[in-house]
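As a plain string of letters, each chain reads:
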Amino acid sequence: MSYLNFIDGTWREGVTMAPNISPSDLSDVIGEFARADAAQAEEAIGAAAAAQPGWASLPPGERFAVLDRAGDELQARADELGELLAREEGKTRTEGTAEVKRASQILKFQAGETLRNPGEVLPSVRPGVEVLVSREPVGVVSIITPWNFPIAIPAWKIAPALAYGNCVVFKPAELVPASAWHLVDILHRAGLPAGVLNLVMGRGRDIGDILVGDPRVDAVSFTGSVDTGHRVLATAQAHGARVQLEMGGKNPLVICDDADLDAAVAGAREGAFGSTGQRCTASSRLIVTAGVHDAFVDRLSKAVDQITVGHALDAETTMGPVVDESQLAQDLRYIELATQQGATLVGGDLVEGRTKGHYLSPALALDTRNTDTINREEVFGPVASVIRVDDLDEAIEVANDTEFGLTSGVYTSSLSTSTRFRQQSTAGMVMVNLPTAGVDFHVPFGGRRGSSYGPREQGRGARDFYTTTKTTYVAS
Ligand SMILES: NC(=O)C1=CN([C@@H]2O[C@H](COP(=O)(O)OP(=O)(O)OC[C@H]3O[C@@H](n4cnc5c(N)ncnc54)[C@H](OP(=O)(O)O)[C@@H]3O)[C@@H](O)[C@H]2O)C=CC1
Ligand SMILES: O=C(O)CCC(=O)C(=O)O
């Protein structure tokens, strides 16, 4: 089947078509997807710019209804779309279905935000004057998303953009167009006017600069790699567009001597290897205090050994394949580098599946130092390292010693330890007795230093990015 781009309310052939292939089975072609060129990207921006004033001036209840209806359909089709998502991205069916449900919740939460966009009325310093502070849409937003959360990340950017009256040009990652296509189809059928949401599937290297650099684009929200993020920032800022970037993490999970080891092992396993480790929130640095180090490593190694790597749709699979060949090569390169720099490797082997896919067993790099490359750079695969530290002081120092700062976590049974960690961690999100990955949809999401740029995503905080403040003075 062929899946087309969606511009100004109509489905459009791309300039070329590209196959979407399952990482679980390289002979499984999910469909042929349109690829836009620069002219089509420009047309989409023009359509969004033309539609924006009308969309913004609709009563908020109408924007509510579209998002709410779309949320209902996602929920009703969670099993079907979850399977499709798992098939194209490689996460397990359970993870895929959960992600679709999360996207539904995001749409419904942001639907409510259309009706919860408060302003302020203040007295002026001048007699007889009243001041009103209100929020208005930013305008046209380009939304560029990665492959690792094919429906949740698009939902958490598109939903608040639309809720606050912006119009959107949406470019999903080349590897996962099917989930994106269905999200747009659902929103369209839920009642969006033409031009409000435009889908331009196509390669980032072909159309990215247009989507970011066109002067009609008022804001860009991007999630992906550090290098592309920096390029997006420079291009957008050159014409004064507002920018929001989410770029990655090297997230520390501290296991203290007084931790509940069962919980810590389960949390580390899920945090490091859930979604095949392909999460910017993955628990990729396991920092373990000396008293519990050996027992933790022993138990985690056994737990990791229980992970069944296989086809994303097989019932027995607990970890799906790596997303594509180049990500697999990147994972293997980091595993090799860790070994060269002195780590002891558990797992990290290529695995034969029942079908030909990108299968890698989960890898634990033991006996690493925080200065090793594996602990400095994001791998973005099923690879975690263990760092032994003497005590909590050293654990916090090592945890904070990173160019990233997205999430962090601590396992401890002590209230004072968890309080101290929470206060001294320099990450944007802190987890106590939980893995570093797995976030709620109604609270701010984002990090510090190299992980993020611009206002937070998700929850009510999304308003800061998707609206601009107007101050009105009224003399009576
Ligand atoms: N923080 C996170 O959540 C993620 C981090 N990553 C990191 O990035 C690495 C590489 O993954 P990759 O998918 O190549 O990441 P990219 O940063 O290249 O891709 C992210 C998005 O940006 C688009 N893009 C690519 N080039 C440009 C450009 N010049 N201008 C605007 N947009 C562009 C991509 O499109 P297209 O797909 O068409 O190239 C995709 O939609 C991973 O190994 C991982 O380390 C990856 C995904 C998510
Ligand atoms: O951990 C999560 O729930 C979200 C992760 C995420 O947004 C990402 O990896 O890009």
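In this text, all values refer to a predicted model and were calculated from it rather than measured experimentally.

Looking only at helices and strands, one finds 15 helices and 21 strands in the protein chain. Against the globule reference of 23 Å for 476 residues, the protein chain gives a C-alpha radius of gyration of 23 Å, in line with a compact fold. Taken along the three principal axes of its C-alpha coordinates, the protein chain extends 70 × 60 × 40 Å. When the 476 residues of the protein chain are sorted by exposure, 55% land in the buried category. A separation threshold of at least 6 residues defines the contact pool for the protein chain, and within that pool the share at least 24 residues apart is 71%.

Residues given the UniProt feature "active site" (unreviewed entry) here are Glu246. In this structure, glutamate 246 sits in strand 12 (residues 242–246). The contacts of glutamate 246, once residues within four sequence positions are left out, are Thr223, Cys280, Gly446, Ser452 and Glu457.

For an α-helix, the turn length of 3.6 residues means that residues three or four places apart are oriented alike. The terminal C-alpha atoms of helix 5 (residues 152–163) lie 16 Å apart, and with 12 residues this matches the ideal 16 Å at 1.5 Å per residue to within 8%. Most of helix 5 is tucked away, with 12 of its 12 residues classed as buried. Of all the residues in helix 5, the buried ones are Ala152, Ile153, Pro154, Ala155, Trp156, Lys157, Ile158, Ala159, Pro160, Ala161, Leu162 and Ala163. Two residues or fewer past helix 5, glycine 165 is found with a positive phi of approximately 95°.

Spatially, 7 strands are ordered 15-16-17-14-13-18-19 in an open sheet, and the strand pairing comes out mixed. Sheet topology places strand 15 (344–347) and strand 19 (429–432) at the edges, where each strand pairs with a single neighbour. Averaged over all neighbouring strand pairs, the angle between strand axes comes to 20°, with direction disregarded. Of the strand pairs in this sheet, strand 15 and strand 16 (residues 363–366) are connected by 4 bridges, and their pairing is antiparallel. For threonine 344, the partnering residue across the bridge sits in strand 16 and is leucine 366.

What follows concerns the pairing of strand 13 (residues 252–255). Residues Pro252 and Val254 of strand 13 are buried on one face, and the alternating residues Leu253 and Ile255, pointing to the opposite face, are buried as well. Sheet topology places strand 13 next to strand 14 (residues 285–289); 4 bridges connect them, and they run parallel. Each residue of the ladder has a partner; that of valine 254, found in strand 14, is isoleucine 287. At this point the chain moves from strand 13, through helix 9 (residues 261–273), to the parallel strand 14, and the crossover so formed is right-handed. Relative to strand 18 (residues 407–411), strand 13 runs parallel, the two sharing 3 bridges. Bridge pairing in strand 18 links isoleucine 255 to tyrosine 411.

Near ligand 1 lie 28 residues; those nearest to it are Pro146, Gly204, Gly208, Gly224 and Ser225. Listing elements by their share of the shell around ligand 1, those giving two or more residues are helix 7 (204–213), helix 8 (226–238) and helix 11 (325–340). Considering every element that reaches the shell around ligand 1, the biggest residue donor is helix 7, with 5 residues. Looking at the shell around ligand 1, its residues break down into 9 nonpolar, 11 polar and 8 charged. The residues that make up the shell around ligand 1 include at least three from each of domain 1 (2–248 + 442–475) and domain 2 (252–432).

Now for the site of ligand 2. In the region of ligand 2, the neighbouring residues are Asn148, Phe149, Thr223, Arg279, Cys280, Thr281, Ala437, Gly438 and Val439. Counting only domains with at least three residues in the shell around ligand 2, you end up with domain 1 (2–248 + 442–475) and domain 2 (252–432).

To continue, consider the UniProt feature "domain: Aldehyde dehydrogenase" (unreviewed entry) in the protein chain. UniProt annotation of "domain: Aldehyde dehydrogenase" (unreviewed entry) refers to residues 17–471 when read in the numbering used here. Between the C-alpha atoms that bound residues 17–471 there is a distance of 47 Å. The span itself is 42% helix and 19% strand.

Burial analysis of strand 12 places 4 of its 5 residues in the buried class, which makes it a mostly covered element. Bridge analysis of strand 11 (residues 219–223) against strand 12 gives 5 bridges, and the strand direction is parallel. Pairing of serine 221 across the sheet is with glutamine 244, part of strand 12. Taken together, strand 11, helix 8 and strand 12 constitute a β-α-β crossover, and its handedness is right-handed. Relative to strand 20 (residues 452–453), strand 12 is paired through 2 bridges, and the arrangement is antiparallel. Residue pairing for strand 20: glutamate 246 is matched across the bridge by serine 452.

Examined against the element boundaries, valine 232 turns out to sit in helix 8. Sequence spacing of valine 232 and arginine 135 is 97 residues, and the spatial spacing of their C-alpha atoms is 26 Å. If we ignore the near neighbours within four places in the chain, the residues touching valine 232 are Val212, Val220, Phe222, Val243 and Leu245.

If you trace the backbone, lysine 470 turns up in strand 21 (residues 467–475). Along the backbone, lysine 470 and aspartate 257 are 213 residues apart, and their C-alpha atoms lie at a distance of 52 Å.

Our next topic: the packing of helix 3 (residues 78–89) against helix 6 (residues 177–189). Taken N-terminus to C-terminus, the directions of helix 3 and helix 6 make an angle of 150°; their axes are 8 Å apart at the nearest point. By the criterion of interaxial angle, the relationship of helix 3 to helix 6 is roughly antiparallel. Residues Leu81, Leu84, Leu85 and Glu88 of helix 3 pack against Ala178, Ser179 and His182 of helix 6. Residue composition of the contact of helix 3 with helix 6, grouped by class: 4 nonpolar, 2 polar and 1 charged.

Reading the values: the criteria
Residues numbered from 1 in each chain as written. Chains lettered and ligands numbered in written order. Predicted model: local features only at pLDDT ≥ 70, side-chain atom pairs only at ≥ 80, totals over all residues. Helix = DSSP H or I, 4+ residues; strand = E, 2+ residues; numbered from the N terminus. Rg over C-alpha atoms; globule rule 2.2 N^0.38 Å. Buried ≥ 20, exposed ≤ 12 C-beta atoms within 10 Å, placed from the backbone. Contact = placed C-beta atoms within 7 Å. UniProt positions renumbered as here; feature names shortened; annotations may be inferred. Expected span 1.5 Å × (residues − 1). Pairing = 2+ DSSP bridges. Axes fitted to C-alpha atoms, helices over the stretch in contact; angles between N-to-C directions. Right-handed = clockwise from strand over helix to strand, strands pointing away. Near = placed C-beta within 6 Å. Nonpolar A, V, L, I, M, F, W, Y, C, P; charged D, E, K, R; others polar. Domains from an automatic or database assignment. Parallel < 35°, antiparallel > 145°, perpendicular 65-115°, else oblique.

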